[in-house]
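# Fold and contact review
As a plain string of letters, each chain reads:
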Amino acid sequence: MKTTELAVIGAGPGGLAAAITAASAGVRVTLIDEYPHPGGQYLRGAAQTSTPPVSRTEQRSRQLLHQLPHPNIEVLTGTLVWGIEDHTLALYNADGVRFLRAERIIIAAGGRERVLPFPGWTLPGVMTLGAAQILAKEHGLLPGKRILLAGSGPLLLAAAKSLLAQNAQIIAILEATHPIAWLAHASAIWGNFDRLREGGVYANVIRQHHIPYRIGQTIIQAAGEEYLESVTAAHLDRRGNPIPGSEEEIVADTLCLGFSLIPNTELTQLAECQHEYNPARGGWVPTRDQHLQTSQPDLYVVGEAAGIGGASMALLEGQIAALAITQRFNHIPTLQRQLRPLRRFGAMLNMLFSPLPALDALADDETILCRCQEVRAGEIRQAIRDGSHTLSSLKNHTHTGQGQCQGRTCGPLLTRLIASETDNLPENAGQFRPRPPLKPIPLSALAQEHHP
Amino acid sequence: MILESIEINGQSVLVPAGQSVAAALFAAGISIFRHTHEENAPRSIFCGMGTCFDCLVTIDGIPNQRACMTLVHSGMKIRTTANEND
Amino acid sequence: MNTTADAIIIGGGIIGASCAYHLSQRGLSVHIIERDFPASGTSRACDGLILQWDKLPGTELALGLASQQLWQELGSQFGAEIGFEQAGTIFIAEQADQLDAGSLKAYALRDAGQHAEVLTPRELRELEPELAPDLAGGVLFPDDLQVDPRRATLAMLAAAQRRGAQIHSEEPVLDLQRAPDGDQAITGVITPGGSIAAPHVICAAGVWSAEIAQLAGLNIPIQPRKGHILVSDIRPKKIHHPLLEGGYATTVQSAAEDVQVALVAEMTASGSLLLGSSREFAGFDRRVSLAVIQAIAQRAVRFLPGLKHSSVIRSYVGLRPWSPDHLPLIGPTSGALGFYLASGHEGAGIGLAPITGKLIADWITGAALPDYAHTLLPDRFESLLEDTTNVLV
């Protein structure tokens, strides 16, 4: 079996910062990313773009990307980490399955978007903000002709900018958070100049294109035969309930949605790291010490996979973990000081943009909740009422979580549903337990180990 | 821009090298990738980053491949759901 | 909660469900105490095959055949609700000596009244075109059955509930109640919700039975025997019968320390394949092993080359309650009056659930018992009454 000194899983800003910091100190690093190109979601399309960076963070991230190839870094793109057993990583790519033993591991697996279900959300034409952004940024394509953006959080603006760069026709941007919530968090918003400036860039672009940015509104229904044809927007009251009589039907062929990000914790769960539920970090996150080491020795997590906080946080955390691994502790306190305001800002964003429980009622009993297994909200609500109060129990009584996505899409939604139906804390619903393979692997590859 | 020749549902198409299969399909005007097993409901790109498993198509005869995570290569044969078994 | 009942069943898996079903059918009031939720243990982590050819002639086979009969009745009663199917199974022989072994099983089962048909390689491939072309042949056992273990558990529990049985979920057993003097008989259970008194307390706690039995001062030799199942993506129908490689029967009877892998392939209702199997002693470790995933995949692709492009989409581990003589422990014990065991079925729990429930009900109601019932009594293990420290491996 091949061995490496340091395996970095995920080549977004956090992983890049970790890999290059360690490599610069002479460590032999293996940098692994599932996508055929490094850069993570944050830098999709960065290699071919001529657009100037929107922030210092993006600029630094691009600089890191340009340091590849690096003599001390073996880059394995298009490579999935599908299992982890102690310090052995199970890998899969076009060459097949192989195993890699890593003395130390830094997980930088990022986050994924959360979309709250409502009638019609499974129609083609309804996608995440990130999906639309990738089509635009990386492929220079528009997802459709009449585009609506909805959800909550800064990604709404970033996605709008990427789409407008391709001359998208954006009908409106609907931010679900109520104006009152913005006021409540106003003082904390001033915490991060770079992010504010980034926000200013987005605000400018939207203003220049005269795109309506409506706060306190969301999409409550999508309609169409085989493809999206129209959506229904509504105003929300302070509790997040649609206000009767405020509904407005809008003709659209594309609806891009996103309600914040969820940390990708499958790897840390599979590695049996301790986790805690922290809403200020986006939900379930692995616990870490001051050097970002998890409860498993020599296993570190950086960036969104340990708490949603943006690329700026990931850059710093990647450095901290790599410095800790290379025993260069004296540089760490400076970075930790820089991290603190970013953590506060990130926490504020997560709390501000956290969708209110009322939004879970948008899904009627006919709405599909588990997309893979096509399980409807009604069946799930009944199972909860019948006593299924954990994700594990729901998986047993319905078929949720048993499909190809292994609960990545529905897990966060089910947690919210259980919490509101049982009037209980979200963490009491537990988590889906990941098992290898974390994503589907062909039997032929499993049957035949590739020895490079 | 380098172009590559691929096949989508039996038709030859030229696409930019390095494009994702999902993007290539969208560019070719195909936005419904498959129909679900239970309800025969149409699905397409959803998360765009390989976590939702909605965008599954058949590539070079192998079914259930994520279009958003696969880049096209010259000669690739892509089939969306209605045409899987041709 | 302070209540009384005729019988308390500890464990809401398929064995507990069957005990509840039979006892309530005979008019007894039953409480089922389940520390998680029904079918949350091994009953949801197994396949649903009900075989006879992996059983040794004698008590094991007699038990299996009696249970098969009862499953047929349950199948008529519940049918599709429990995913009941007389799917038959095919024993696949990789080499000639395995075919000989399979043929011997065929004869033994025919003697016992079961159907069995030895297949040439050509006949095997006619039945299962997806199989590799280089096999020595096989044996078809058309009487073998298949159910959905979880749905069967829930159906039997629901039937018991309709006759008044009560299920307490998320309710662990904290202790057993004992008579204050005299024979110190077990008289009930204590849970966080209170206590229930009953003259008959049945331990159907699967791999956790040793833990429960300790409360009764008993040292039962049931140990977890870990198994893996891989789930494939949905494909157009590939196999028509559950398929098991010949070596499977050997692994069932084996008590070897190292991990034993033998292919078991079974279609699910949705069209995905369940692929097993593995056996090893690993305590209560439920982590899925990367090496075992590979080993099962190797066997799967060897026998079903068409699976090459199918993917494994998930996997899980189940813990079989293993007993040293490969027979379950069913019935009362002199070590604790009022306490009954219904556990230790290893990989035959689903198949033997109905007969287990019936035997327990027979013991409790004083009904006539079949001859082999006495060979299943827990007291056959001399170590039963020994010091209960260091019981768990």
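The following paragraphs examine the structure supplied in this document. Residue positions are given per chain, counting from 1 as you read along its sequence in written order. Whichever chain is written first becomes A and whichever ligand is written first becomes 1, with later ones labelled in order. For a predicted model such as this one, the threshold for reporting local features is a pLDDT of at least 70, and the threshold for listing and counting side-chain atom pairs is 80 or more; totals across whole chains, interfaces and linings nevertheless cover every residue. Side-chain metrics rest on all non-hydrogen atoms present in the structure, leaving aside hydrogens and water.

Next up on the list: the sheet that holds strand β19 (residues 329-332) of chain C. All names here are of chain C. Strands are treated as partners if at least two bridges between them are detected by DSSP. Comment: elements are numbered from the N terminus, with helices defined as DSSP H or I runs of at least four residues and strands as E runs of at least two. In spatial order, the strands read β9-β3-β2-β13-β20-β19; together these six strands make up an open sheet with mixed pairing. Looking at strand neighbours, the two that pair on one side only are β9 (166-168) and β19, the edges of this open sheet. When the angles between neighbouring strand axes are averaged without regard to direction, this sheet yields 20 degrees. Sheet topology note: the strand β13 (residues 200-203)/strand β20 (residues 339-343) ladder contains three bridges and is parallel. Here an axis means a line fitted to C-alpha atoms, over the contact stretch when the element is a helix, while the angle between two N-to-C directions is reported on a 0 to 180 degree scale.

The next point concerns the interface of chain A and chain C. Residue contacts follow a heavy-atom distance rule, with two residues in contact if any of their heavy atoms lie within 4.5 Å. Taken together, the contact pairs 32 residues of chain A with 29 residues of chain C. By buried area we mean how much accessible surface two parts lose on assembly, using a 1.4 Å probe and totalling the loss over both. When the two sides are added together, the surface that chain A and chain C hide from each other amounts to roughly 2600 Å², 55% of it contributed by carbon and sulfur. The salt bridge definition used is simple: a Lys or Arg side-chain nitrogen within 4 Å of an Asp or Glu carboxyl oxygen. Run the count over chain A and chain C and you get one salt bridge. Here A:E272 makes a salt bridge to C:R287, at a shortest N to O gap of 3.3 Å. We define a polar contact as two N or O atoms separated by no more than 3.5 Å, with the added condition that, inside protein, one atom must be a possible hydrogen donor and the other a possible acceptor, whereas residues neighbouring each other in sequence contribute only through side-chain atom pairs. Taken together, the connections running from chain A to chain C amount to 15 residue pairs in polar contact (both at pLDDT 80 or more).

Time to look at the sheet that holds strand β2 (residues 11-16) of chain B. Sheet strands pair via backbone hydrogen bonds, and the direction of the pair is either parallel or antiparallel. Residues and elements named next belong to chain B. Taken in spatial order, the five strands make up an open sheet running β2-β1-β7-β5-β6, and their pairing is mixed. Strands at the two margins of the open sheet, each flanked by one partner only, are β2 and β6 (62-66). Adjacent strand axes in the sheet meet at a mean angle of 40 degrees when their direction is disregarded. Looking at chain direction, strand β1 (residues 3-8) and strand β7 (residues 77-79) are connected through two bridges and run parallel. Bridging across to β7, I8 finds its partner in I78.

For every residue, the accessible area obtained with a 1.4 Å probe (protein chains only) is divided by the maximum for its type, and the residue is called buried under 20%, exposed over 50%, and partly exposed between those limits. Regarding helix α2 (residues 56-66) of chain A, the residues found buried are A:T57, A:E58, A:S61, A:R62, A:L64 and A:L65. Down the axis, α2(A) shows its buried residues gathered within 155 degrees of arc, on one side only. Arc, as used here, means the arc of the directions from the helix axis to the C-beta atoms.

In this section: unusual backbone geometry. The residue after A:L68, namely A:P69, is reached through a cis peptide bond having omega 0 degrees. Here A:P69 shows up in the loop between α2 and β3 (73-76). Following C:G276, the chain continues to C:S277 via a peptide bond in cis, the omega torsion being 5 degrees. Here C:S277 is to be found in strand β17 (residues 273-279). One non-glycine residue, A:E272, lies in the positive phi region at around 60 degrees. Topologically, A:E272 is positioned in the loop between α8 (266-270) and β17 (275-278). A relative accessible area of 44% means that A:E272 is categorised as partly exposed. Not every positive phi belongs to a glycine, and A:E374 is a case in point at roughly 55 degrees. Within the secondary structure layout, A:E374 lies in the loop between β20 (368-370) and β21 (375-376).

This next bit is on the interface of chain B and chain A. On the chain A side, the residues contacting the 32 residues of chain B number 36 residues. Here chain B meets chain A over a buried area of about 2800 Å², counting both sides, of which 59% is carbon and sulfur. At the boundary of chain B and chain A, one finds three salt bridges. Note that B:R66 and A:E34 form a salt bridge whose closest N and O atoms lie 2.7 Å from each other. Linking chain B with chain A are twelve residue pairs in polar contact (both at pLDDT 80 or more).

Bringing the packing of helix α3 (residues 129-139) of chain A against helix α4 (residues 155-164) of chain A into the picture now. Residue and element names in this part refer to chain A. Where α3 meets α4, the axes come as close as 8 Å, and the angle between the chain directions of the two elements is 25 degrees. Judged on the interaxial angle alone, α4 and α3 are roughly parallel. Remark: the crossing between α3 and α4 carries left-handed chirality. Contacts between α3 and α4 involve L129, A132, Q133, A136 and K137 from the first element and L155, L156, A158, A159, S162 and L163 from the second. For this classification, under 35 degrees means roughly parallel, over 145 means roughly antiparallel, 65 to 115 means roughly perpendicular, and everything else is oblique. Crossing chirality is assigned from the near helix's rotation relative to the far helix, an anticlockwise turn below a right angle marking it left-handed and a clockwise turn marking it right-handed.

All names here are of chain C. Note on placement: I186 falls in strand β11 (residues 186-191). The exposure class of I186 is buried, given its relative accessible area of 1%. Measuring from C-alpha to C-alpha, the distance between I186 and F339 comes to 6.0 Å, with 153 residues separating the pair along the chain. With near-sequence residues (within four places) excluded, I186 lies in contact with L176, Q177, R178, A198, P199, V201, A216, A336, L337, G338 and F339.

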